[in-house]
Amino acid sequence: MPPEPVDLLIEARWVLPIAPVNTVLADHAVAVVSGKIVALGPIAQMNERFEPRDRVVRRDHALLPGFVNAHTRAAMTMLRGLPVRGPRSQWVRDTVRPAEQRCVSAEFVREGTQFAIAEMLRAGITSFADMYWFPEESARAASAARMRAAIGLPVADAPNVWADSATAHFEKAEQLWDEYKSDPWVCLYFAPQDANEVSDQTLIRVRRVADELDARIAMESPPLQRLHALGLLRPGFAAIPQDVWTDAEFELVATTGICVIACVQSDLRLGGGGLSGCGPWGSARSGDGPWGGALSSVSKLVGQTVGLGSGDPASVGAIDLLAEARVAALLDSGLTAEGALRLATLGGATALGFGSVTGSIEPGKYADLICVDLNRLACQPTTNVPESIVFGATREQVSDVWTSGRLAVSGGHLLAFDEQELTSFAEKWLRIEGGGT
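Quick caveat: nothing in here was measured; it's all calculated off a predicted structure.

The rules we used
- Residues numbered from 1 in each chain as written.
- Predicted model: local features only at pLDDT ≥ 70, side-chain atom pairs only at ≥ 80, totals over all residues.
- Heavy atoms only, no water.
- Helix = DSSP H or I, 4+ residues; strand = E, 2+ residues; numbered from the N terminus.
- Rg over C-alpha atoms; globule rule 2.2 N^0.38 Å.
- Buried < 20%, exposed > 50% of the residue type's maximum accessible area, 1.4 Å probe, protein only.
- Contact = heavy atoms within 4.5 Å.
- Areas by Shrake-Rupley, 256 points an atom, 1.4 Å probe, with all protein chains shown as cover.
- Lys, Arg positive; Asp, Glu negative; His and termini not counted.
- Charge placed at Lys NZ, Arg CZ, Asp CG, Glu CD.
- Core = buried A, V, L, I, M, F, W, Y, C linked by side-chain atoms within 4.5 Å.
- Salt bridge = Lys/Arg side-chain N within 4 Å of Asp/Glu carboxyl O.
- Pairing = 2+ DSSP bridges.
- Phe/Tyr/Trp six-rings, centres within 6.5 Å; stacked < 30°, edge-to-face > 60°.
- Polar contact = N/O pair within 3.5 Å; in protein donor to acceptor, adjacent residues only side chain to side chain.
- Patch = residues over 30% accessible without salt bridge, like charges linked within 9 Å, V, L, I, M, F, W, Y side chains within 5 Å.

## Thoughts on the overall build of the chain
Part 1: Across its full length, the chain carries 17 helices and 16 strands.
Part 2: At 21 Å, the chain has a C-alpha radius of gyration in line with the 22 Å of a compact globule built from 437 residues.
Part 3: Counting only C-alpha atoms and orienting by the principal axes, one finds that the chain spans roughly 65 × 50 × 45 Å.
Part 4: Looking at the chain residue by residue over its 437 residues, the buried ones come to 59%.
Part 5: For the chain, the share of sequence-separated contacts (at least 6 apart) that also reach a separation of at least 24 residues comes to 70%.
Part 6: With the model as given, the accessible surface of the chain reaches about 17000 Å², and the carbon-plus-sulfur share is 49%.
Part 7: For the chain, the separation between the mean place of its 38 positive charges and that of its 52 negative charges on side chains is 1 Å.

In structure tokens:
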């Protein structure tokens, strides 16, 4: 029987499929047809079975699913020059909001998101969730770049740069939902803003509309007890904690089936709330053991309903999921390198509702894949591949990136992006934000 034709065959020294078994496969290959994975197996067998149109051979590399940035505010790449000092609420009020009032616009979001997408792809991030103003611009940028994205639809009572009332927010959300309901790259979710500034009535309306559309909901610093009373806490809700949670709140996570997204580095830099201040990454401070207090029961959720996000680039700096995984593992002695990689891939994909189509190397899923070059001193000897990736590698070692089988980064170089133009975006908005000309 002649070999089957396939679009792409990627041969690697190691393959980390993440699921269905979180293991390391030596000298394996992945076959891709029409943007989807069709087979995974030993290189010799795959070469006998398939005749690829394109073949990529990476003898010193690990092949794994692309990283999933489960929470960011992509356009805030253009605000990375701001001084950063916690606590978070004071920094947002005194530093971020005045800067946003000077420069946030549709153009700002469009160019900032394009910049962030290029940075994320270069760092091996193939999917992301965004939560910012002018979501139509973020959605267009992601779709044009052919990058899988969950784009948040802001909901607020007070007037802002995007809409002048809660009703106006819902009207705009409805228009965007109709526009993107069949888009292959973009899905939408509801993103209520500061809970202290959103009424119960508006939150109940979010719940009802989300139910009608079967849409996800995600919130930063969510007041879990209040949201539970309003009926918002159930599967499909993602909590992005930025404050220390109580045992009762962790119990709500376990009993309601919500997802949790941890932005570990941003939390640490802005005062250590969220999951870096309590819970699975809180042991570094609390001294309560590897999981601490309430997380002895919630630790079972790691890799299933817990994902990693970078948070906003203004506070965290580089958008780097590999660094997020490293810091999470360093803060929690109970989190293995394998577990950290699962959080950064399938964990985030599951939290965003993408788990059935991406986040692991399994036949039928989209070929959102990356290669990491482990032929570096810091990764040698490579006796434990996950540990070499998490504790030895950097995002600069991501050599190749595919989104649905389409090559986005090759040999460490971005394709289809003009890096000089992206740099000009940053320079322009730095001048505007700083009041220059």
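## Thoughts on the nonpolar core
Part 1: Membership of the largest hydrophobic core comes to 111 residues, with the highest contact counts inside it found for Phe108 and Phe190.
Part 2: Here this core gets 8 residues from one element, more than from any other, and that element is helix H3 (residues 106–122).
Part 3: Contacts of phenylalanine 190, omitting those with residues within four sequence positions, involve Leu153, Val155, Phe170, Ala173, Val206, Val209, Ala210, Leu213, Ala215, Arg216, Ile217 and Ala218.
Part 4: Counting residues in hydrophobic clusters, the runner-up holds 17 residues, among them Val68, Ala70, Ala238 and Cys259.

## With respect to the pattern of salt bridges
Two side chains with opposite charge may pair up if their charged atoms get near one another.
Part 1: In total, this model carries 23 salt bridges according to the counting rule given.
Part 2: Put simply, arginine 148 and aspartate 368 hold a salt bridge, and the shortest N to O gap is 3.0 Å. Separated by 220 residues along the polypeptide, arginine 148 in strand E7 (residues 148–155) and aspartate 368 in the loop between helix H15 (337–351) and strand E13 (369–373) bring together distant segments of the chain. Residues arginine 148 and aspartate 368 agree in their burial class; the two are buried.
Part 3: With a closest N to O distance of 2.7 Å, arginine 234 and aspartate 211 form a salt bridge. Here the residue arginine 234 occupies a position in the loop between helix H7 (224–229) and strand E10 (237–240), and aspartate 211 occupies one in helix H6 (residues 200–213), the gap between them amounting to 23 residues.
Part 4: Assessed through its relative accessible area of 27%, arginine 234 is described here as partly exposed.
Part 5: Given a relative accessible area of 45%, aspartate 211 falls into the partly exposed group.
Part 6: Because the salt bridges share partners, they merge into one network encompassing Arg80, Glu119, Arg122, Arg395 and Glu396.

## Remarks on the sheet that holds strand E1 (residues 4–15)
Part 1: Judged by pairing direction, the sheet is mixed, and its 8 strands sit side by side in the order E3-E2-E1-E4-E13-E14-E15-E16 without closing on themselves. The sheet is open, and its two edges are formed by strand E3 (36–42) and strand E16 (413–414), each paired on a single side.
Part 2: In this structure, strand E2 (residues 25–33) lies alongside E3, joined through 6 bridges in antiparallel fashion. Its bridge partner lying in E3, valine 33 is registered against lysine 36.

## Some words on the packing of aromatic side chains
Part 1: Inspection of the entire model under this criterion finds 2 aromatic pairs.
Part 2: With centroids separated by 5.2 Å and ring planes inclined at 85°, the aromatic side chains of phenylalanine 108 and tryptophan 429 adopt a geometry described as edge-to-face. Within this pair, whereas phenylalanine 108 is found in helix H3, its partner tryptophan 429 is found in helix H17 (residues 419–433), the two being separated by 321 residues in sequence.
Part 3: Phenylalanine 108 gets classed as buried once you look at its relative accessible area, which sits at 0%.
Part 4: Of the residues examined, tryptophan 429 reaches a relative accessible area of 4% and is grouped as buried.
Part 5: Plain terms: the ring middles of phenylalanine 170 and phenylalanine 190 are 6.4 Å apart, the flat faces sit at 40° to each other, and that makes the pair tilted. Residue phenylalanine 170 is found in helix H5 (residues 166–180), and its partner phenylalanine 190 is found in strand E8 (residues 186–192); the two are separated by 20 residues along the sequence.

## Looking at unusual backbone geometry
Part 1: Residue glycine 86 is joined to proline 87 through a cis peptide bond whose omega torsion reads 5°.
Part 2: Of the consecutive residues glutamine 380 and proline 381, the connecting peptide bond is found in the cis state with omega at -10°.
Part 3: Position of proline 381 among the secondary structure elements: in the loop between E13 and helix H16 (385–392).
Part 4: Even without glycine at this site, phenylalanine 134 takes up a positive phi of about 50°.
Part 5: With respect to the secondary-structure elements, phenylalanine 134 resides in the loop between strand E6 (125–130) and helix H4 (135–145).
Part 6: Residue phenylalanine 134 is classed as buried on the basis of its relative accessible area of 12%.

## As for H16
Part 1: For H16, the buried fraction is high: 6 of the 8 residues fall into the buried class.
Part 2: Along H16, the residues classified as buried are Val385, Pro386, Ser388, Ile389, Val390 and Gly392.
Part 3: On its buried side, H16 packs onto E1, strand E4 (50–65), helix H14 (321–331) and H15.
Part 4: For H16, the capping residue at the N-terminal end is asparagine 384, with a side-chain oxygen 3.0 Å from the backbone nitrogen of glutamate 387.

## What to know about the side chain of asparagine 69
Part 1: Here asparagine 69 is to be found in strand E5 (residues 67–72).
Part 2: At 2.9 Å, the side chain of asparagine 69 and the backbone nitrogen of serine 310 are in polar contact.
Part 3: For asparagine 69, the residues in contact, after removing those within four places along its chain, are Met120, Ile125, Ser127, Phe128, Ala129, Leu308, Gly309, Ser310, Ile319, Leu321 and Leu352.

## Description of the environment of glutamine 45
Part 1: Within the fold, glutamine 45 resides in helix H1 (residues 43–49).
Part 2: Glutamine 45 gets classed as exposed once you look at its relative accessible area, which sits at 52%.

## A short note on a negative patch on the surface
Part 1: On the surface, a cluster of negative charge is made up of Asp164, Glu171, Glu174 and Asp178.
Part 2: Relative to the helices and strands, glutamate 174 resides in helix H5.
Part 3: Taking the relative accessible area as the measure of exposure, glutamate 174 reaches 53% and is therefore exposed.

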